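# Analysis of the macromolecular model
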Amino acid sequence: MATKLDPWGAVSIDDYSKLFEEFGISSFDDILPQIDDPHPYMKRHIIFGHRDYQKVVEAMKEKSPFAVMSGFMPSGRVHLGGKMVMEEIIWHQKHGGDAFVAIADMEAHSVRGISWERCREMGIEEYILSLIALGFEPSGTIYFQSKRQAVRDLAFELASAARFSELAAIYGFSGETNVAHMVSVMIQSADILHPQLSENGGPKPVVIPVGSDQDAHIRLTRDLAGRMRKFLVEERVGHVSLRGKAAGTDLIEAAAARLKETGYRKVKRYEEHVDVFDVSDPGDAERIEEIVRGLEVEAGGYGFVPPASLYHRFMTGLTGGKMSSSRPESHIALTEDPEEAREKVMKAVTGGRQSLAEQKTLGGEPDKCTVYELLIFHLSEDDGELAEVYDECKSGARTCGTCKKEAAERIRDFLVDHQRKREIARERLSEYGL
Ligand code: TRP
Ligand code: SF4
């Protein structure tokens, strides 16, 4: 059966490798060695896949412009899963990315029926305060979808390139689906593409860190980005073909002229397209792409670069099974009482054996342990320490009691500290224009 990625439904993804084959997500392992100072999620294979992240890595290296963008639907309490996305955004901001965060109030309103007032309140109380407390800098942009005119305008433009039949195929929309829900899909694509509008510095690589359930959105947005282009550059055998999809003959003419000016000699112009034959270097297609992108923007086009994405694994719920915002015992919210959080961890499902004797002879199963997961996802900065816990667990030298106690105390201390920082963030909201 095909894996269904439904951003609004319950998702169970047990086998991530399916995502590589079925959806064309690339493995993150291949790109990891090129990143100088990787985030622990990268080193620990928690970020397991990507689309087109190469471009972002290059921009980071060359210190050329790039952006990071993601969004949160204000529909409940933000838990440790949300913290993961926040950390990834902040990491890219620290590495030179222009950062954008959407509070998806239009989505929450249209899909979940949440009032605008409640969206505003939850957006600030749950998401924004934590985002700032975790280190998001005021140089980035945090916005509510409904308040951002450029996003609403772009959504309308993108909607002319999207068809009902494809939204139906991707999201299961039917004749009964409310139209605002469909609009919110266009809004999300506009969230993702608007860092590339000229008012935000024009076309550039943009990375969207998300859970893999959001991949359908990414694929749709990448398609839409392409459909908004005036030019299509394709590498063929022995030449690079440049087609002017909506360019018009004047722009085709201008493209041919621009390519000649930049040193290409064998440029053959046809009515609707241009072929460039002196393209022996593998970088030529990309160079030509950049040249016509510039021309497209000068002519008032978007010149969108297809957005890149990063996908992380989901944490297991503390009670086993899926971590869910609707079941408080399965997750730890960033705003919950630190003492209660400590108790939840003490009750969490571990990879321990039935009896202490069995644990000593067989060893524990850290790969199936939610406490160990807490350590690798959130509670240990130290890879050496993790390796030690892992080995000690496997060999039976470690007992779950000690392990849980340590993790439980760390989660309590983290929350105490985080919640103190949230109160400092509250005083600083105006620095973020909120
Ligand atoms: N749909 C996302 C969610 O359900 C929220 C979201 C809105 C988003 N705009 C976005 C995610 C842009 C990534 C990029 O949580
Ligand atoms: Fe998990 Fe620690 Fe028990 Fe191993 S010893 S199963 S890591 S709680």
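Residues numbered from 1 in each chain as written. Chains lettered and ligands numbered in written order. Predicted model: local features only at pLDDT ≥ 70, side-chain atom pairs only at ≥ 80, totals over all residues. Heavy atoms only, no water.

Once that is clear, we can look at helix H4 (residues 80–94). The end-to-end C-alpha distance of H4 is 21 Å, a good match for the 21 Å that 15 residues give at a rise of 1.5 Å each. In terms of residue burial, H4 counts as a mostly covered element, since 13 of its 15 residues are buried. The positive-phi residue at the C-terminal boundary of H4 is Gly96, with phi of around 100 degrees. (Helix = DSSP H or I, 4+ residues; strand = E, 2+ residues; numbered from the N terminus. Expected span 1.5 Å × (residues − 1). Buried < 20%, exposed > 50% of the residue type's maximum accessible area, 1.4 Å probe, protein only.)

Summed over all chains, the structure comprises 1 cavity of 30 Å³ or more. The computed volume of the largest cavity comes to approximately 110 Å³. Lining the largest cavity are 16 residues, and of these Gln359, Cys369, Cys393, Cys400 and Cys403 sit closest to its centre. Of all the secondary structure elements, the ones that give two or more residues to the lining of the largest cavity are helix H15 (370–379), helix H16 (383–395) and helix H17 (400–427). Element by element, the count of residues in the lining of the largest cavity is highest for H17, at 3 residues. Partitioned by chemical class, the residues of the lining of the largest cavity number 8 nonpolar, 5 polar and 3 charged. (1 Å grid on protein atoms, 1.4 Å probe; cavity = no way out; pocket = protein on both sides within 12 Å on 5 of 7 lines; lining within 4 Å. Points joined across faces, edges and corners; volume = space filled by probe spheres on them. Nonpolar A, V, L, I, M, F, W, Y, C, P; charged D, E, K, R; others polar.)

Mapped onto the secondary structure, Lys55 falls in helix H3 (residues 53–62). In this structure Lys55 comes out as partly exposed when scored by relative accessible area, which is 27%. Considering only alpha carbons, one finds Lys55 and Pro307, 252 residues apart in sequence, at a separation of 9.7 Å. Sequence-distant contacts of Lys55, that is, excluding residues within four places in its chain, are made with Pro205, Val305 and Pro306. (Contact = heavy atoms within 4.5 Å.)

So, on to the pairing of strand E2 (residues 47–51). Burial analysis of E2 places 5 of its 5 residues in the buried class, which makes it a mostly covered element. The pairing of strand E1 (residues 26–27) with E2 spans 2 bridges and is classified as antiparallel. Among the inter-strand pairings, Ser26 is bridged to a residue of E2, identified as His50. Alignment of E2 against strand E11 (residues 308–312), held across 4 bridges, turns out to be antiparallel. Note on E11: the bridge partner recorded for Gly49 is Tyr311. (Pairing = 2+ DSSP bridges.)

Turning our attention to the domain arrangement of the protein chain. Domain annotation for the protein chain reports domain 1 (17–228 + 305–312), domain 2 (231–298) and domain 3 (328–432). One C-alpha centre belongs to domain 1, the other to domain 3; they are set 28 Å apart. In this complex, domain 1 contributes 23 residues to the contact, which on the side of domain 3 involves 27 residues. Buried surface at the junction of domain 1 and domain 3, both sides included, amounts to about 2,300 Å², of which 61% is carbon and sulfur. At the boundary of domain 1 with domain 3, the tally comes to 4 salt bridges. For the salt bridge of Glu125 with Arg426, the shortest nitrogen-to-oxygen distance reads 2.5 Å. (Domains from an automatic or database assignment. Buried area = accessible area lost by both parts, 1.4 Å probe. Salt bridge = Lys/Arg side-chain N within 4 Å of Asp/Glu carboxyl O.)

Tallying each qualifying case throughout the model produces 6 aromatic pairs. Both rings, one in Phe136 and one in Tyr432, keep their centres 6.4 Å apart while their planes meet at 35 degrees; by these two values the pair is tilted. Here Phe136 is found in the loop between helix H6 (116–133) and strand E5 (141–144), whereas its partner Tyr432 is found in the segment after H17, with 296 residues between them in sequence. For Phe136, a relative accessible area of 1% translates into the label buried. (Phe/Tyr/Trp six-rings, centres within 6.5 Å; stacked < 30°, edge-to-face > 60°.)

Surrounding ligand 1, one finds 13 residues, the nearest of these being Gly71, Glu107, Gln188, Asp191 and Gln214. Glu107 places a side-chain nitrogen or oxygen 2.8 Å from a nitrogen atom of ligand 1. Contacts to ligand 1 include Asp191, whose side-chain N or O atom sits 2.8 Å from a nitrogen atom. Listed by contribution, the elements that provide at least two residues to the shell around ligand 1 are strand E3 (67–72), helix H9 (179–193) and strand E6 (206–211). For the shell around ligand 1, the class distribution of residues is 6 nonpolar, 5 polar and 2 charged. (Near = heavy atom within 4 Å. Polar contact = N/O pair within 3.5 Å; in protein donor to acceptor, adjacent residues only side chain to side chain.)

The next point concerns the packing of helix H8 (residues 164–171) against helix H10 (residues 215–227). Put simply, H8 and H10 touch, their axes get as near as 10 Å, and they point 160 degrees apart. When the interaxial angle is binned, H8 and H10 end up roughly antiparallel. In terms of crossing hand, the pair formed by H8 and H10 is right-handed. Judged by residue contacts, Glu166, Leu167, Ile170 and Tyr171 of H8 engage Ala216, His217, Leu220 and Arg227 from H10. (Axes fitted to C-alpha atoms, helices over the stretch in contact; angles between N-to-C directions. Parallel < 35°, antiparallel > 145°, perpendicular 65-115°, else oblique. Left-handed = near helix turned anticlockwise from the far one by under 90°.)

Time to look at the site of ligand 2. Taken together, Thr350, Gly351, Gly352, Gln359, Cys369, Tyr372, Cys393, Thr399, Cys400 and Cys403 make up the full set of residues adjacent to ligand 2. Comparing atom positions with the cavity grids shows ligand 2 to sit within the largest cavity. Broken down by class, the residue content of the shell around ligand 2 amounts to 5 nonpolar, 5 polar and no charged. (Sits in = over half its atoms within 2 Å of the grid points.)

Turning our attention to unusual backbone geometry. Positive phi outside glycine occurs at His45, with the angle close to 60 degrees. Position of His45 relative to the elements: it lies in the loop between helix H2 (40–43) and E2.

Glancing now at the pattern of salt bridges. Think of it this way: side chains of opposite charge can pair up when their charged atoms draw near. Taken as a whole and assessed by the stated rule, the structure comprises 35 salt bridges. One salt bridge in this structure joins Arg51 and Asp215, with 2.9 Å as the shortest N-O distance. Here the residue Arg51 occupies a position in strand E2, and Asp215 occupies one in helix H10, the gap between them amounting to 164 residues. Accessibility assignment for this pair places Arg51 and Asp215 in one class, buried. Note that Arg229 and Glu289 form a salt bridge whose closest N and O atoms lie 3.2 Å from each other. Taken as a pair, Arg229 in the loop between H10 and strand E7 (231–236) and Glu289 in helix H12 (residues 284–298) lie far apart in primary sequence, 60 residues in all. A single burial state applies to Arg229 and to Glu289, both of which are buried. Counted as one network, the salt bridges with shared partners bring together Glu125, Arg422, Glu423 and Arg426.

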